[in-house]
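Working through the structure, step by step
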Amino acid sequence: MIKFTKMQGLGNDYVYIDAIHQKIENESDLAQFVSNRHFGIGSDGLILICKSDVADFKMRMFNQDGSEAEMCGNGIRCVGKFVYDKGLTNKTEITIETLAGLKKLKLNTKEGKVSTVKVDMGEPILEPEKIPVDSNENPVKNLKLEAEGKQFNFTCVSMGNPHAITIVDEVKDFDVEKYGKVIEIDKHFPKRINVEFIQIIDKNNIKMRVWERGAGETLACGTGACASVVSCCINNQTDRKVKVELLGGDLEIEWNKQDNHVYMTGPAVTVFEGGLL
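So, here is what we can say about the structure in this document. (Residues numbered from 1 in each chain as written. Predicted model: local features only at pLDDT ≥ 70, side-chain atom pairs only at ≥ 80, totals over all residues. Heavy atoms only, no water.)

**Describing the environment of Gly 160**
Going by this rule: Secondary structure elements follow DSSP: runs of H or I of four or more residues count as helices, runs of E of two or more count as strands, with numbering from the N terminus. Two residues form a contact once any of their heavy atoms are found within 4.5 Å.
Tracing the backbone through its elements, the reader meets Gly 160 in the loop between strand S10 (150-158) and strand S11 (162-167). Sequence spacing of Gly 160 and Ala 100 is 60 residues, and the spatial spacing of their C-alpha atoms is 4.4 Å. The contact partners of Gly 160, leaving out residues within four places of it in the chain, are Glu 70, Ala 100 and Ile 125.

**Details of the side chain of Ser 43**
This is how the line gets drawn: Between buried and exposed lies partly exposed: a residue is buried under 20% and exposed over 50% of the maximum accessible area for its type, with that area taken using a 1.4 Å probe on protein chains only. Whenever a nitrogen or oxygen atom comes within 3.5 Å of another N or O atom, the pair is scored as a polar contact, on the condition that within protein one atom can donate a hydrogen and the other can accept it, and that pairs from neighbouring residues in sequence are kept only if both atoms are in side chains.
Relative to the helices and strands, Ser 43 is located in the loop between helix H1 (27-35) and strand S3 (45-50). We classify Ser 43 as buried; its relative accessible area is 0%. Among the polar contacts made by the side chain of Ser 43, one reaches the main-chain carbonyl oxygen of Gly 45 at a distance of 2.8 Å. Among all residues touching Ser 43, those that are not within four sequence positions of it are Lys 6, Asp 13, Tyr 14, Val 15, Val 34, Ser 35, Arg 37 and Gln 64.

**So, empty space enclosed by the protein**
Stated precisely, the cut-off is as follows: A cavity here means a set of 1 Å grid points, computed over protein atoms only, where a 1.4 Å probe fits but cannot escape. A pocket is an open set with protein on both sides within 12 Å along at least 5 of 7 lines, and lining residues have an atom within 4 Å of a point. Grid points are joined across faces, edges and corners, and a volume is the space filled by probe spheres set on the points. Ten residue types, Ala, Val, Leu, Ile, Met, Phe, Trp, Tyr, Cys and Pro, are classed as nonpolar, four, Asp, Glu, Lys and Arg, as charged, and the remainder, Gly among them, as polar.
The tally for this structure, following the rule as stated, stands at one cavity of 30 Å³ or more. Taken as a whole, the largest cavity holds about 80 Å³ of empty space. Along the wall of the largest cavity there are 14 residues; nearest its centre are Met 61, Met 71, Asn 161, Asn 194 and Glu 212. Among the elements of the structure, strand S4 (57-63) and helix H4 (222-234) are those that each provide at least two residues to the lining of the largest cavity. Split into classes, the residues belonging to the lining of the largest cavity amount to five nonpolar, seven polar and two charged.

**Quick look at the layout of surface pockets**
Approximately 160 Å³ is the volume attributed to the largest pocket. Lining the largest pocket are Glu 93, Ile 94, Lys 104, Leu 105, Lys 106, Lys 118, Val 119, Asp 120 and Tyr 263. Elements with a minimum of two residues in the lining of the largest pocket: strand S6 (93-98), strand S7 (101-110) and strand S8 (113-120). Its residues placed into classes, the lining of the largest pocket shows four nonpolar, no polar and five charged.

**A word on the pairing of strand S2 (residues 12-18)**
Short version of the rule: Should DSSP find at least two bridges between two strands, the strands are taken to pair.
Of all the seven residues making up S2, seven are buried; the element is thus mostly covered by neighbouring parts of the structure. In S2, alternate side chains face the same way, and those of Asn 12, Tyr 14, Tyr 16 and Asp 18 on one face and Asp 13, Val 15 and Ile 17 on the other are all buried. Linkage of strand S1 (residues 2-9) to S2, two consecutive antiparallel strands, is achieved through a turn of two residues, within which Leu 10 is found at a positive phi near 60°. Note: S2 against S3, four bridges, orientation parallel. Looking at S3, one finds that Ile 17 is bridged to Leu 48.

**Things to note about the side chain of Asp 18**
Here is the rule we go by: Only four residue types enter the charge count, namely Lys and Arg as positive and Asp and Glu as negative; His and the chain termini do not. What makes a salt bridge here is a side-chain nitrogen of Lys or Arg within 4 Å of a carboxyl oxygen of Asp or Glu, nothing more.
Here Asp 18 lies in strand S2. Lys 86 is the oppositely charged side chain nearest to the buried, salt-bridge-free Asp 18, at an N-O distance of 7.8 Å. Ignoring any residue separated from it by four or fewer positions in sequence, one finds Asp 18 in contact with Ile 49, Phe 82 and Leu 88.

If you want it as structure tokens, here you go:
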């Protein structure tokens, strides 16, 4: 039996498995099975906690469709809670190896359990070839695309995984699926793209909905929230410290001027434990 933990950060839910003490095979197939909300556990994907030679732990993240992604902001906060609450570490400042590089986490505890996590997400990537996006702009702030007869203007940012951000009048009733699934696979994005539709409330508050590649619309996306704040900053639309309101709740994002790093603070919640036969 494989023991697992269902966790969520702002409703962005994943199945978490300790792959240090358990042998996991066929990760892609397993991700597709556990993600199924009718025949599996039900989640936005699968996250494995593994040994690392360069950090305290290594995180591997798989989407619903079985594809392996570089990073997940909401997911990495739950990794921090997982390893601390389960006694895999007693440190409140840890490093996590990801395909998007090393990430530093500060764990905020309450009554012996992690309640919120502050993640140093590193520096945003703005060079088009590194995002990647097919564009001659650097940074890419004016990528005009058409989807289902509607014109969009995108700013592109990577937080270790690629994001395209566009402003809409209001996000509440916006048809994220209709446009997101088309933009995700647009020819300008060789590795597909995560698409953020944002509404600017004021200099310190935005609303965001997200279409994640390989998963569809999710209740929250940590890297997407970070990318959206960077996008707003370089377009002079917000300050550097912004509250991002997502369908699943709020994240505090700060793009620090001194070290150029983006910091994300938000909750991590355990839903239930179980076993796969």
